[in-house]
Amino acid sequence: MSHTQALAGFLADLQYEQLPESVLARTEDLFLDWLGSALASQDAHPIPLFERYAQHMGPASGPAQIIVSGRSSSAYFAALVNAASSHLVEQDDLHNSSVLHPATVVFPAALAAAQDLGKSGRDLLLAAVAGYEAGIRIGEFLGRSHYRTFHTTATVGTLAAAVAVGKLLDFNQEQFINLLGTAGTQAAGLWEFLRDAADSKQLHTAKAAADGLLAAYLTRDGLTGARNILEGEQGMAAGMSSDACPAKLSDRLGSRWALVETSFKFHASCRHTHPAADALLDLMQREGLSHEHITAVETRVHQGAIDVLGRVSVPQSVHQAKFSMGTVLGLIAVHGKAGLTEFHELALSDPAVSAFRGKVSMTLDPEVDGAYPQRWLGRVVVTTTDGRTLFGAIDEPKGDPGNSLTRTELADKFLRLVQFSAARTPEQAVVLIGKVWDLRTVELMNEWL
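As annotated in an unreviewed UniProt entry, the protein carries the name 2-methylcitrate dehydratase and comes from Pseudomonas fluorescens. In its Sequence similarities (unreviewed entry) section, the UniProt entry covering the protein states "Belongs to the PrpD family."

On to the UniProt feature "domain: MmgE/PrpD C-terminal" (unreviewed entry) in the protein, then. Per the UniProt record, "domain: MmgE/PrpD C-terminal" (unreviewed entry) is annotated on residues 267-438. As a span, residues 267-438 carries 48% helix and 15% strand, and end to end its C-alpha atoms are 27 Å apart.

Now for the sheet that holds strand β3 (residues 294-301). Read across the open sheet, the four strands follow the order β4-β3-β5-β6; overall the sheet is mixed. Looking at the sheet topology across the chains shown, the edges are occupied by β4 (360-364) and β6 (389-394). Going from strand to strand, the sheet's axes swing by 20° on average, the running direction of each strand aside. Here five bridges tie β3 to β4, and the two strands are oriented parallel to one another. Opposite Val-297, over in β4, you have Val-360 as the bridge partner.

Once that is clear, we can look at unusual backbone geometry. In this chain, His-45 is followed by Pro-46 through a cis amide linkage whose omega measures 5°. Position of Pro-46 relative to the elements: it lies in the loop between α2 (21-40) and α3 (47-57). Here the amide bond leading from Tyr-372 into Pro-373 is cis, since omega sits at 5°, within 30 degrees of zero. Relative to the assigned elements, Pro-373 resides in the loop between α17 (366-371) and β5 (378-384).

Bringing the packing of aromatic side chains into the picture now. Per the counting criterion, the structure on display carries twelve aromatic pairs. A ring pair is formed by Phe-31 and Trp-34, whose centres lie 5.3 Å apart and whose planes are at 50°; its orientation type is tilted. Of this pair, Phe-31 and Trp-34 both sit in helix α2, three residues apart, roughly one helical turn. In terms of burial, Phe-31 and Trp-34 fall into one category: buried.

All right, on to the pattern of salt bridges then. Applying the stated rule across the entire model yields 28 salt bridges. The salt bridge involving Arg-440 is made with Glu-21; its shortest N-O contact spans 2.8 Å. Of this pair, Arg-440 sits in the segment after α19 (426-436) while Glu-21 sits in helix α2, and the two are 419 residues apart along the sequence. Salt-bridge contacts for Glu-140 lead to Arg-256; the nearest nitrogen and oxygen are separated by 2.8 Å. Taken together, the residues span a long stretch of sequence, with Glu-140 in helix α6 (residues 121-149) and Arg-256 in the loop between α10 (236-240) and α11 (274-287) at a distance of 116 residues. By the burial criterion, Glu-140 is buried, and Arg-256 matches it. Beyond isolated ion pairs, a larger network of salt bridges with shared partners links Glu-21, Glu-28, Asp-29, Arg-407 and Arg-440.

Another point: the pairing of β3. Summarising the sheet, β3 and β5 pair through six bridges and their orientation is antiparallel. What sits directly across from Ala-296, in β5, is Thr-383.

Each α-helix turn comprises 3.6 residues. Residues three or four places apart therefore point the same way. Taking 1.5 Å per residue as the helical rise, helix α18 (residues 407-421) with its 15 residues ought to reach 21 Å, and the 22 Å between its terminal C-alpha atoms agrees with that figure. Of the residues making up α18, those classed as buried are Leu-410, Ala-411, Lys-413, Phe-414, Leu-417, Val-418 and Ser-421. Down the axis, α18 shows its buried residues gathered within 160° of arc, on one side only. Opposite the buried face of α18, at more than 90 degrees from it, the exposed residues are Thr-408 and Gln-419. Of the surrounding secondary structure, the elements contacted by the buried residues of α18 are α2, α15 (340-346) and α19. Once α18 ends, the next one or two residues include Ala-422, with phi positive near 55°.

Glancing now at the domain arrangement of the protein. Parsing the protein into structural domains produces domain 1 (3-265 + 410-441) and domain 2 (271-394). Once you take the C-alpha centre of each, domain 1 and domain 2 turn out to be 30 Å apart. For the domain 1 face of the interface with domain 2, the top three residues by lost area are Arg-144, Leu-194 and Phe-420, together amounting to 30%. Put simply, domain 1 and domain 2 have one salt bridge between them. When the shortest N-O distance is used, the salt bridge between Arg-144 and Asp-369 registers 2.5 Å. Viewed at the interface, domain 2 and domain 1 are joined by nine residue pairs in polar contact (both at pLDDT 80 or more). At the level of secondary structure, the elements contributing two or more residues to the side of domain 1 that touches domain 2 comprise α6, α9 (200-220) and α18. Residue composition of the side of domain 1 that touches domain 2, by class: twelve nonpolar, six polar and seven charged.

So, on to the environment of Tyr-372. Its location among the elements puts Tyr-372 in the loop between α17 and β5. Its relative accessible area of 5% is what places Tyr-372 among the buried residues. In the structure, Tyr-372 is positioned 70 residues away from His-302 in sequence and 6.6 Å away in space, judged by C-alpha atoms.

Cut-off values and rules
Residues numbered from 1 in each chain as written. Predicted model: local features only at pLDDT ≥ 70, side-chain atom pairs only at ≥ 80, totals over all residues. Heavy atoms only, no water. UniProt positions renumbered as here; feature names shortened; annotations may be inferred. Helix = DSSP H or I, 4+ residues; strand = E, 2+ residues; numbered from the N terminus. Pairing = 2+ DSSP bridges. Axes fitted to C-alpha atoms, helices over the stretch in contact; angles between N-to-C directions. Phe/Tyr/Trp six-rings, centres within 6.5 Å; stacked < 30°, edge-to-face > 60°. Buried < 20%, exposed > 50% of the residue type's maximum accessible area, 1.4 Å probe, protein only. Salt bridge = Lys/Arg side-chain N within 4 Å of Asp/Glu carboxyl O. Expected span 1.5 Å × (residues − 1). Arc of directions from axis to C-beta. Contact = heavy atoms within 4.5 Å. Domains from an automatic or database assignment. Buried area = accessible area lost by both parts, 1.4 Å probe. Polar contact = N/O pair within 3.5 Å; in protein donor to acceptor, adjacent residues only side chain to side chain. Nonpolar A, V, L, I, M, F, W, Y, C, P; charged D, E, K, R; others polar.

The following block contains the structure:
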């Protein structure tokens, strides 16, 4: 049996009753975090473009809900818009070793399909777990080389979304094999957009969720796909990776729950900036430093951070600023936080932040690079105005599994996200939090929101 067959068999056999309480609770937490990220982008460019496209090309109404507008549409277009909206403010989750943002592709497809198919909250949770478990392992399988050129959440995300919907459709092993083939042949998404401050990142997740759903519905009706799309001679690994490890596809299936390894985002920026941001903040608090006391910050990083963040020198948009190590650390140093408000009000306009950005550099560090992607270490070397050289280090950024957000912190984050966009009143947001943490009792997801 190939590793792909083993994964497909696990997905087909997976039942709700097999899921530990810790996995179910974590899935609810991840869903809340995803929902807040989607709501936070209401009316923000480029999300209205996706909404208009859905209105023009899709039905006037349908069984699935578009979160940011409150409109309904087909499952396909709801998944498309909801996936775009939940990946804009850079607050959605990340799994370290796969370098995958699972929520922004898995939940839009799963929620839209669950509403279309009349499924329950328990069905949705099971589908999400299947999508996370498959997507994370496929991301790990494709390795570090894949991420240098391809946006893993776009490529692998297509398969993760497809698996979630396939689980809602109760696919057997053979159908999951065909599903992976049809989803995998559509996988796309390149990092080049970062150089131009382009809007492609939201298109990546929109297409991944929608195309994953498309693959699942076509597979249900009999469309076949490549049987070895992951490991085959002309499959994804052959074309998109130079360090693929097939054993990762079947790694401890049923005993290792990869979903619980997923990290929550604390800062509203690219996750590659978080370790250095936490290390700098810790050092400044420990030493009683202000930004005026600092003449230089050397961040010691892994190669993936250089590959992604090194493309941005002087950011031209708020979104691009979230991929600028200097801007993120400037917000941290000058204002003590790098949240949505700081990015939108200060990242591009505050001269103190701009000045600090010029003090920040990135250096490849063998220790940090060797630990990545399993661990994202934060290391900074700070030079002060009085000539001192200070070293800051953190081993688990805020939000990592070993330094996770509590449910109280997740609720606070959700309230901040909703307040930022005014998508819901505080009272409505509190009601939504309770509804998410009561998902497993919901009989029908159709009118859940």
